[in-house]
Amino acid sequence: MASSTTLLISILLPAVFAVIVFLIPSKLRALRNAFSLIGAAIVLCLGFYLFGVKNAELNIPWLGMDINFDLRLYHLNSLIIMAVSVFLFLITIYSFVKMKEHPRAREYYTYLFLTVAFVNGAVLANNFVLMVFFWESLLVTLYGLIAIGNKEAYKTALKSFILVGFCDFCMILGIGILWYLTGSLNMPLAPLDPSSSGLAAVSCVLMLIGALGKAGVMPFHTWIPDASKDAPVTVMAFIITVIDKMLGIYLFVRISLDFFVIGMNSALSMFLMILGALTIIFALFMTFVQNNLKRMLAYQSIGEVGYMILGIGSATPVGIAGGIFYMLNQTLFKGGLFLSAGSIEHRTGTTDFDKLGGLRNKMPLTMICFVICAVACCGLWPFNGFVSEEMVMHGAKETGYIIFMIAAWIGTALTAASMLKAAHSIFWGKENKELSKIKESELLITLPIIVLALLCIVFGVHNYLPIVMFVEPIFYGYTGFLEHSGFTAHALNFFNPVAITSFVCILLGVIVYLYGWSKNSKNAASSSESVRSFPVLKNIYNLAEAKIFDIYDQGLKFLKVLGYILYYGVDRVIDFMYEKIIAGTVRVVGAILRFAHNGYYANYLAWCIGGLIIIVAVISLLS
């Protein structure tokens, strides 16, 4: 019973701390920080406790019609809750310094805790109505977190609200169709085969749009790079790790395992793998040409979603496990990279490559942690990114389609080139004289980065531990998964064709970077200009900069054109007919009538007699 009550507490407790933090006046910053730290610590302890419990249920009558406040704890959502609580604790410590002078810090901490409350509610929900309630509530906190940025941030916040909201709307439609097919809104359902009927396929695709849209998949990704420019770096780290990847991929896994049966090489599996491959290639091509670290990391995080989709979409045990493990690892190295970017911004006031350089001796801790997270992101042996990336690639290999592995390898090369460009520009480039007095960030900023960097090493070298503790138990009860040859079969086994090819691709990425560096006066920040000028890539990059691939921007243009057509093709035409034709006719008729009705009795008598004669004549002719 205590465990069941704890499920409700895990939702209410962060919400309570959100209210407390919001009610504390801005002037009492120390008190606000104290309550934030206490709240984050309690949520952290609660997260570890729930992960230890793993199995609990709570069912309270709610809306009637078999729609109850139904919560269920099991291994997958307990893992999400624990991971979210860890990152909340680290980001809270980090924010004490980074957000110290922010004018809207009180709102910031409020949104952090509210987001955790809604995430916990969404993953614990055991019926679709309750899940949608918490899922849609996250739209509000997402908007709020982005909007507290610079003066233009509200535009990006609105963009994220509309794009993610559209995906959520698709998800709700998919749930409605699933309800029609199954007659139940409760989870878990007996999985449906999407190929069994057209409605089942439509329901599955619509729900996948909701999940993957939240995760930042193309083409619903364009708000993420914009947010990296407008929102605080702590917000981006929190959004990328907690809202996008954790929650979006969680629902993706539920759809793939619990709600529908996605078979290997089925039409839906092929669609997902193609989507994942395209997301990897296009997003990471955009990564290499960025000259701002935060924007580069934003595009990179989009490409990493492609790896998760590729693995889970392969519908192979090792691929699905690799996609989930990649989600966890991405939280570590991408969180570390974003927080490193925040450390650099905190001391230098910028994350533009052409304004940085020579920081390796001035910010050694940030540099070391950045490099560790960067090589983990590249999938270099023996860091955690290597393990999960290889699992994803082996899952793609089992499908028999080499093209998907090639896409993943291209992404590996582009990631390596991008990270080398970033590290060289910031830490080993020509020193900016204006930054001569820069020093390392405070311990409260570097400590969370160090923790994440160390976990990148531990989850790589001792990968057996997180795979066995966190990943494998997710598949208990699913036929055919644990009977597989083992999820750890390829872990840290460098001497296999897939791993060796990946390493060669990393070297290729280094060569691409060095080629651009040498061709552009050995300027790290300009190293991508040579690649950018390639015949085909040049056109693609120009189109991307013109936001041709931005469905939000193109949607606005379409609405403007539609408004122009409606205004000039419909509204103005109607006005012309009314003002010119109808009103003109009325004026002419009125003038004639005024001329005829001049007030003389003799004229009226003459009109009456004339009319009578005409009527008699017509009747005579007709008879």
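Computed from a prediction, not measured in an experiment: that's the story for all the values here.

K.L.:
Would you take a moment to explain the overall build of the protein for this structure?
P.N.:
A count of helices and strands for the protein gives 22 helices and 2 strands. The dimensions of the protein, computed from C-alpha atoms along their principal axes, are 115 × 65 × 60 Å. Among the 623 residues that make up the protein, the fraction classed as buried is 56%. Here the analysis covers contacts within the protein between residues at least 6 apart in sequence; of these, 79% occur between residues at least 24 apart. Per element, the accessible surface of the protein, about 26,200 Å² overall, is 71% carbon and sulfur. Positive and negative charge centroids in the protein, built from 40 and 33 side chains respectively, lie 11 Å apart.

K.L.:
Could you clarify how one ought to interpret the pattern of salt bridges in this entry?
P.N.:
Enumeration over the complete set of coordinates arrives at 12 salt bridges. Between Asp 258 and Arg 254 there is a salt bridge, with its nearest N and O atoms 2.5 Å apart. Separated by 4 residues within a single helix, Asp 258 and Arg 254 lie in helix α9 (residues 233-259), roughly one turn from each other. By relative accessible area, Asp 258 is classed as buried at 8%. Sharing partners across several salt bridges, the network here consists of Lys 98, Lys 294 and Glu 345.

K.L.:
Looking at this model, I keep getting lost on empty space enclosed by the protein. Mind explaining?
P.N.:
It is a probe the size of a water molecule, rolled over the atoms, that shows where empty space is left. Applying the stated criterion across every chain yields a total of 1 cavity of 30 Å³ or more. The computed volume of the largest cavity comes to approximately 40 Å³. Together, Ser 10, Pro 14, Val 43, Leu 46, Gly 47, Leu 50, Ile 81 and Asn 120 line the largest cavity. At the level of elements, α1 (2-23) and α2 (29-53) are the ones that each hand at least two residues to the lining of the largest cavity. For the lining of the largest cavity, the element with the most residues is α2, which contributes 4 residues.

K.L.:
What's the story with the pairing of strand β1 (residues 56-64) in this structure? I'm lost.
P.N.:
Here is the key point about a regular strand: its side chains alternate between the two faces of the sheet. Pairing of β1 with strand β2 (residues 67-73), which is carried by 6 bridges, proceeds in the antiparallel orientation. What sits directly across from Ala 56, in β2, is Leu 73.

K.L.:
Explanation requested: a nonpolar patch on the surface in the structure shown.
P.N.:
On the surface, a nonpolar cluster with roughly 630 Å² of combined accessible area is contributed by Leu 556, Phe 558, Leu 559, Leu 562, Leu 566, Val 570 and Ile 574. Within the secondary structure, Leu 556 sits in helix α21 (residues 551-596). For Leu 556, a relative accessible area of 36% gives the class partly exposed.

K.L.:
Sorry if this is basic, but what is going on with the packing of helix α10 (residues 267-288) against helix α15 (residues 402-428) here?
P.N.:
Helix-helix packing: each pair is described by the crossing angle between the helix axes and the interaxial distance. It is the contact of α10 with α15, at a shortest axis distance of 9 Å, that shows an interaxial angle of 20°. Judged on the interaxial angle alone, α15 and α10 are roughly parallel. The element α10 and its partner α15 pack so that their crossing is left-handed. Note on element contacts: α15 touches α10 through Phe 404, Ala 407, Ala 408, Ile 410, Gly 411, Leu 414, Thr 415, Ala 417, Ser 418 and Lys 421, opposite Met 270, Met 273, Ile 274, Ala 277, Ile 280, Ile 281, Leu 284, Phe 285, Thr 287 and Phe 288. A breakdown of the residues in the contact of α10 with α15 according to their chemical character gives 15 nonpolar, 4 polar and 1 charged.

K.L.:
How should I be thinking about the layout of surface pockets in this particular structure?
P.N.:
By volume, the second largest pocket amounts to about 310 Å³. Along the walls of the second largest pocket sit 18 residues, with Ala 83, Val 86, Leu 332, Leu 455 and Phe 459 positioned nearest its centre. Of all the secondary structure elements, the ones that give two or more residues to the lining of the second largest pocket are α2, α3 (75-98), α12 (317-348), α16 (443-461) and α17 (464-471). For the lining of the second largest pocket, the element with the highest residue contribution is α3, accounting for 6 residues. The residue makeup of the lining of the second largest pocket, split by class, is 17 nonpolar, 1 polar and no charged.

K.L.:
Would you explain unusual backbone geometry in this entry?
P.N.:
Across residues other than glycine, the phi torsion is negative in most instances, and most of the peptide bonds are trans. A cis geometry characterises the amide bond from Met 218 onward to Pro 219, with omega recorded as 5°. Note that Pro 219 resides in the loop between α7 (198-215) and α8 (223-230). The omega torsion of the bond from Trp 381 to Pro 382 falls at 5°, within 30 degrees of zero and hence cis. Looking at where Pro 382 falls in the secondary structure, it is placed in the loop between α13 (364-378) and α14 (384-398). For Asn 265, which is not glycine, the phi torsion reads 65° and is therefore positive. Within the secondary structure layout, Asn 265 lies in the loop between α9 and α10.

K.L.:
Please explain the environment of Ser 256 as it appears in this structure.
P.N.:
Assignment of secondary structure puts Ser 256 in helix α9. When its relative accessible area of 10% is taken as the criterion, Ser 256 is described as buried. Sequence separation between Ser 256 and Pro 191 is 65 residues; the distance between their C-alpha atoms is 8.9 Å. From its side chain, Ser 256 meets the backbone oxygen of Phe 252 in a polar contact 2.8 Å long.

K.L.:
Help me understand the pairing of β2 in this model?
P.N.:
Among the 7 residues in β2, 6 count as buried, and that is most of the element. Between β1 and β2, which pair antiparallel in sequence order, lie 2 residues; one of them, Met 65, sits at a positive phi of approximately 50°.

K.L.:
Looking at this structure, how should I read the packing of helix α5 (residues 128-147) against helix α6 (residues 153-182)?
P.N.:
Closest axis-to-axis distance for the α5/α6 pair is 8 Å, and the angle between their directions is 170°. Accordingly, the angle class assigned to the pair α5 and α6 is roughly antiparallel. Of the residues assigned to the contact of α5 with α6, the class counts are 19 nonpolar, 3 polar and 2 charged.

K.L.:
What exactly am I supposed to notice about α14 here?
P.N.:
Three- or four-residue spacings in an α-helix give side chains the same orientation, since the helix completes a turn every 3.6 residues. Over its 15 residues, α14 extends 22 Å from the first C-alpha to the last, a length consistent with the 21 Å expected when each residue adds 1.5 Å. Counting buried positions over the 15 residues of α14 gives 13, a clear majority of the element. One or two residues past the end of α14 sits Gly 400, with phi positive at roughly 90°.

K.L.:
I keep staring at the confidence of the model for the protein and nothing clicks. Help me out?
P.N.:
For residues with low pLDDT, the predicted coordinates do not support detailed interpretation. A residue-level look at the protein finds 94% of positions with pLDDT of 70 or above and a mean pLDDT of 85. Across the protein, α13 holds the top mean pLDDT of 93, while helix α20 (residues 535-545) sits lowest at 70.

K.L.:
Just to check I follow, could you spell out α6 for this structure?
P.N.:
Between the first and last C-alpha of α6 there are 42 Å, a value that for 30 residues agrees with the 44 Å anticipated at 1.5 Å per step. Looking at the residues trailing α6, positive phi occurs at Gly 183, about 75°.

K.L.:
It is not clear to me how the packing of aromatic side chains should be interpreted in this structure. Could you clarify?
P.N.:
Within a pair of aromatic rings, the relevant descriptors are the distance that separates the centres and the angle that separates the planes. Taken as a whole, this structure holds 15 aromatic pairs when the rule is applied. Centre to centre, the rings of Tyr 401 and Phe 404 are 6.1 Å apart; their planes meet at 65°, and the pair counts as edge-to-face. In this structure, Lys 421 is placed above the aromatic ring of Phe 288, and the distance from its NZ or CZ to the ring centre is 5.7 Å.

Reading guide: rules and limits
- Residues numbered from 1 in each chain as written.
- Predicted model: local features only at pLDDT ≥ 70, side-chain atom pairs only at ≥ 80, totals over all residues.
- Heavy atoms only, no water.
- Helix = DSSP H or I, 4+ residues; strand = E, 2+ residues; numbered from the N terminus.
- Buried < 20%, exposed > 50% of the residue type's maximum accessible area, 1.4 Å probe, protein only.
- Contact = heavy atoms within 4.5 Å.
- Areas by Shrake-Rupley, 256 points an atom, 1.4 Å probe, with all protein chains shown as cover.
- Lys, Arg positive; Asp, Glu negative; His and termini not counted.
- Charge placed at Lys NZ, Arg CZ, Asp CG, Glu CD.
- Salt bridge = Lys/Arg side-chain N within 4 Å of Asp/Glu carboxyl O.
- 1 Å grid on protein atoms, 1.4 Å probe; cavity = no way out; pocket = protein on both sides within 12 Å on 5 of 7 lines; lining within 4 Å.
- Points joined across faces, edges and corners; volume = space filled by probe spheres on them.
- Pairing = 2+ DSSP bridges.
- Patch = residues over 30% accessible without salt bridge, like charges linked within 9 Å, V, L, I, M, F, W, Y side chains within 5 Å.
- Axes fitted to C-alpha atoms, helices over the stretch in contact; angles between N-to-C directions.
- Parallel < 35°, antiparallel > 145°, perpendicular 65-115°, else oblique.
- Left-handed = near helix turned anticlockwise from the far one by under 90°.
- Nonpolar A, V, L, I, M, F, W, Y, C, P; charged D, E, K, R; others polar.
- Polar contact = N/O pair within 3.5 Å; in protein donor to acceptor, adjacent residues only side chain to side chain.
- Expected span 1.5 Å × (residues − 1).
- pLDDT = per-residue confidence, 0-100.
- Phe/Tyr/Trp six-rings, centres within 6.5 Å; stacked < 30°, edge-to-face > 60°.
- Lys NZ or Arg CZ within 6 Å of the ring centre and 35° of its normal.

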